[in-house]
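Below are the chains, spelled out letter by letter.
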Amino acid sequence: MSYITIEGGNKLEGDIPLQGSKNATLPILAASVLCNGTVILKNCPDITDVREMLHALSYAGVRSSLHDGILELDTSNAVPCYFGPELAGKTRGGVLLLGAFTGRFGEAGMAYPGGCVIGARPIDLHCKVLRDLHTTLTEEEEGVFVKGKPGGGHVFLSYPSVGATENAVLAAVCAGGRTVISGAAMEPEVSELCRFLNRAGAKISGIGTRHIVIDGVRRLHETEYTITGDRIVAGTYLAAAAMSGGEVILRKTRRVCMKGIFESFRAVGARIYRDCDTLVLKAPDTLHSIPELVTAPFPAFPTDMQSQMTALLSVAKGDSRIYETVFESRFGVVTELQKMGADVRNRGRFALIHGVEKLHGASVAASDLRSGAALVLAAAVAEGQSKVYGYDFIARGYEDICGIFRLLGARIEITEEK
C-alpha cells in the first residue's frame with residue numbers, strides 16, 4: 001500500500017491553484033450520457049474517483065480522453081448495461097448512472113453500492129425518486145433494475161439527500177411533462193449539475209433552492225462546460241495554513257461557494273480575503289477553540305470538512321465539540337490523531353477536543369478520503385516524521401496532494417510499498 005512520509009513542523013504558505021470539484025464532476029459525468037454526443041469538460045480533476053467513473057462508463061460504450069484538465073467524452077454510442085459489483089463498488093458516484101441511463105434509455109441496472117466506512121449510505125431514497133417518476137424499479141439479489149421511460153411527477157424528499165436529488169434531476173430532464181422536486185438538497189454541486197444540464201438544453205428552474213422545477217425536453221445537445229473549483233479541497237488547504245501559522249493564496253476559485261466553511265475559519269481566528277478568482281487565508285497568532293460545531297446539509301458546515309476541522313481544533317487553544325449529524329461513523333480519524341498526541345475523544349456522534357500545544361510524528365492510517373486529508377494536515381504540523389498510510393483513499397479526491405503541499409513548503413513524499 002502506498003503511504004506518505006512527512007517531516008512536520010514547517011510553516012505552510014504559498015500560492016497554489018485549486019483543482020476542479022470532485023463532487024460536481026461525478027454527477028456531470030453521469031449527465032453526459034443524456035447529451036448523446038460530444039461533451040467537453042474543462043478544469044476536470046484527474047483523481048481516482050473520476051477515472052473509476054470513466055472506466056464504468058466505458059463498459060456502456062462511452063469513449064473518453066482526459067489530458068491537462070480537459071475531459072472529452074463521446075456518448076453517441078452509449079448503450080444500456082448492467083453495472084456489476086466490480087464497477088458499482090468503485091465509486092459512490094456510480095449510483096447516479098441509474099438516473100442518467102433511465103433518463104436516456106428507459107432502463108438501467110446496477111449492483112448495490114454497499115455501505116461505507118464513514119457510515120451507511122442506503123439507496124432507498126434513490127429508489128423512491130425513480131419510482132416517483134413512474135418507472136418500474138425492482139430490488140433483486142443482484143442489484144437494482146429500472147424499466148420504463150420516466151414521466152413528470154412530484155418528488156418529495158424527507159431528507160435533502162444530495163445523491164437522490166441528483167438522480168431525480170437526471171431522470172427528469174428528458175421525461176415527459178413537468179417534475180417538481182420538493183425538499184431538494186441545496187449543495188453547490190447540485191446547482192452545478194443543473195447549470196450544466198441547462199447549458200445542454202434542459203429546462204430547470206429553482207436552482208439552489210429546496211424546490212426544483214424541471215420541464216422535460218425531448219433531448220439534450222452537445223455542450224462544453226468548465227467545472228467549478230472544489231470547495232472541500234479549498235477548505236483543506238486553507239486549514240493547512242491556519243494550523244501551521246502560515247498564509248495560503250488559492251487561485252482558480254471563481255464561483256466556489258465556501259458558505260459554512262468560512263464561518264468556522266473565522267471562528268478560530270483566521271483572516272480571510274476574497275476577490276473574484278482568489279482566496280487568501282492568514283493564520284491567527286493563536287487558534288481559538290469552537291465550543292460547538294455541527295455538521296449538517298448545506299448551507300451548514302459540511303460533513304466532508306469534519307475530519308479536517310477535528311485535526312485543526314486538536315491544536316487550538318481550549319475545548320471544542322463537534323456534533324456529526326450526517327454520517328454516524330465519521331470519527332475514524334480520532335484514534336489516529338490520538339497516536340500523534342491529540343487529546344480527542346469520540347462519544348457516539350460527538351468528538352470532544354481539548355487542544356494541545358503540539359502534535360508529534362507517528363505512523364497513522366487513513367480509513368476514508370477525508371480522514372486521510374486530515375492526517376496529512378496533522379502530520380504537516382507535528383514535530384518529527386510521520387507516515388500516513390492509505391494514500392489510495394486520498395487519491396480518490398485530491399489531485400497530487402503531495403505536490404501541492406511541497407509548493408506550500410512541506411517536506412513530503414509518497415512511497416510505493418510493494
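Here is a short report on the structure shown in this document. These figures come from a predicted structure and were not determined experimentally. (Residues numbered from 1 in each chain as written. Predicted model: local features only at pLDDT ≥ 70, side-chain atom pairs only at ≥ 80, totals over all residues. Heavy atoms only, no water.)

## Quick notes on the pattern of salt bridges
Operational definition: Salt bridges are defined as contacts in which a side-chain nitrogen from Lys or Arg sits within 4 Å of a carboxyl oxygen from Asp or Glu. Strands are runs of DSSP state E lasting at least 2 residues, helices are runs of H or I lasting at least 4, and numbering of each runs from the N terminus. Note on classification: 1.4 Å probe, protein chains only; a residue is buried when its accessible area is under 20% of the maximum for its type, exposed when over 50%, partly exposed between these limits.
Under the criterion given, the structure shown has 16 salt bridges. The shortest N-O distance in the salt bridge between Arg251 and Asp15 comes to 2.7 Å. Taken together, the residues span a long stretch of sequence, with Arg251 in strand β15 (residues 247-251) and Asp15 in strand β2 (residues 14-17) at a distance of 236 residues. Residue class for Asp15 comes out partly exposed when judged on its relative accessible area of 38%. Overlapping salt bridges, with partners in common, bring together Lys22, Asp49 and Arg396 in one network.

## Some points on the packing of aromatic side chains
Basically, it comes down to this: We call Phe, Tyr and Trp rings a pair once their centres come within 6.5 Å, taking the six-membered ring for Trp, and we label the pair stacked below 30 degrees between planes, edge-to-face above 60, and tilted otherwise.
Under the criterion given, the structure shown has eight aromatic pairs. Look at Tyr237 and Phe405: their rings are 5.8 Å apart centre to centre, the planes differ by 70°, and that puts the pair in the edge-to-face class. Residue Tyr237 is found in helix α8 (residues 231-244), and its partner Phe405 is found in helix α14 (residues 401-407); the two are separated by 168 residues along the sequence. Residues Tyr237 and Phe405 agree in their burial class; the two are buried. Ring centres of Tyr323 and Phe350 lie 4.5 Å apart, and the angle between their planes is 10°; on these two criteria the pair is classed as stacked. Taken together, the residues Tyr323 in strand β19 (residues 319-324) and Phe350 in strand β21 (residues 350-354) connect sequence positions 27 residues apart. In this structure an aromatic cluster arises from ring pairing among Phe83, Phe101 and Phe105.

## Things to note about the sheet that holds strand β4 (residues 63-67)
For clarity, the cut-off: Pairing between strands requires that DSSP locate at least two bridges from one strand to the other. To define axes, lines are fitted to C-alpha atoms, for helices over the stretch in contact only, and angles between the resulting N-to-C directions are given on a 0 to 180 degree scale.
One open sheet holds the four strands; their spatial order is β4-β5-β3-β14, and the pairing between them is mixed. The sheet is open, and its two borders are formed by β4 and β14 (223-226), each paired with just one other strand. Recorded for the sheet is a direction-independent mean angle of 10° between the axes of neighbouring strands. Where strand β3 (residues 38-42) and β14 come together, four bridges link them in parallel fashion. What sits directly across from Ile40, in β14, is Glu224.

## Topic: helix α7 (residues 188-199)
Where we set the bar: Given the number of residues in a helix, its expected span is that number minus one, multiplied by 1.5 Å.
Over its twelve residues, α7 runs 16 Å from end to end, which matches the ideal 16 Å to within 8%, given 1.5 Å per residue. Among the twelve residues that make up α7, nine are buried, leaving the element largely enclosed by the rest of the structure. The complete set of buried residues in α7 reads Pro188, Glu189, Val190, Ser191, Glu192, Leu193, Cys194, Phe196 and Leu197. Gly201 sits one or two positions beyond α7 and adopts a positive phi of about 110°.

## Considering the nonpolar core
Spelled out, the test is: Nonpolar cores are built from buried Ala, Val, Leu, Ile, Met, Phe, Trp, Tyr and Cys residues. Side-chain atoms within 4.5 Å join them into one set. The contact criterion used is simple: two residues touch if any of their non-hydrogen atoms lie within 4.5 Å.
Core analysis: the biggest nonpolar cluster contains 75 residues, and Ile4, Phe265, Leu312, Ile401 and Phe405 have the highest contact counts within it. Leaving out residues up to four positions away in the same chain, Leu312 has contacts with Ala239, Ala242, Met243, Phe265, Val268 and Leu287. Grouped together as the second largest cluster of nonpolar side chains are 73 residues, Leu96, Ala100, Val146 and Ala168 included.

## Considering the side chain of Arg104
To keep it simple, the criterion reads: Neither His nor the chain termini are counted; the positive set is Lys and Arg, and the negative set is Asp and Glu.
Structurally, the position occupied by Arg104 is in helix α4 (residues 97-105). Despite its burial, Arg104 remains without a salt bridge, the nearest opposite charge being carried by Asp74 at 7.8 Å. Not counting residues within four places of it along the chain, the set of residues in contact with Arg104 comprises Val33, Leu34, Asn36, Thr75, Ser76, Ala78 and Lys149.

## Describing the pairing of β19
Regular strands place their side chains on alternate faces of the sheet. The test is simple: By definition, the crossover connecting two strands over a helix is right-handed if that path, from the first strand to the second, turns clockwise as seen with the strands pointing away from the viewer.
Alternating residues of β19 divide into Ser320, Ile322 and Glu324, all buried, and Asp319, Arg321 and Tyr323, none buried. As judged from the three bridges shared by strand β18 (residues 293-295) and β19, these two strands associate in the parallel manner. Bridging from a neighbouring strand, Thr295 pairs with Glu324 of β19. Tracing the backbone out of β18, into helix α10 (residues 306-313) and back to the parallel element β19 gives a crossover that is right-handed. With five bridges joining them, β19 and β21 adopt antiparallel strand pairing. Bridging from a neighbouring strand, Ser320 pairs with Ile353 of β21.

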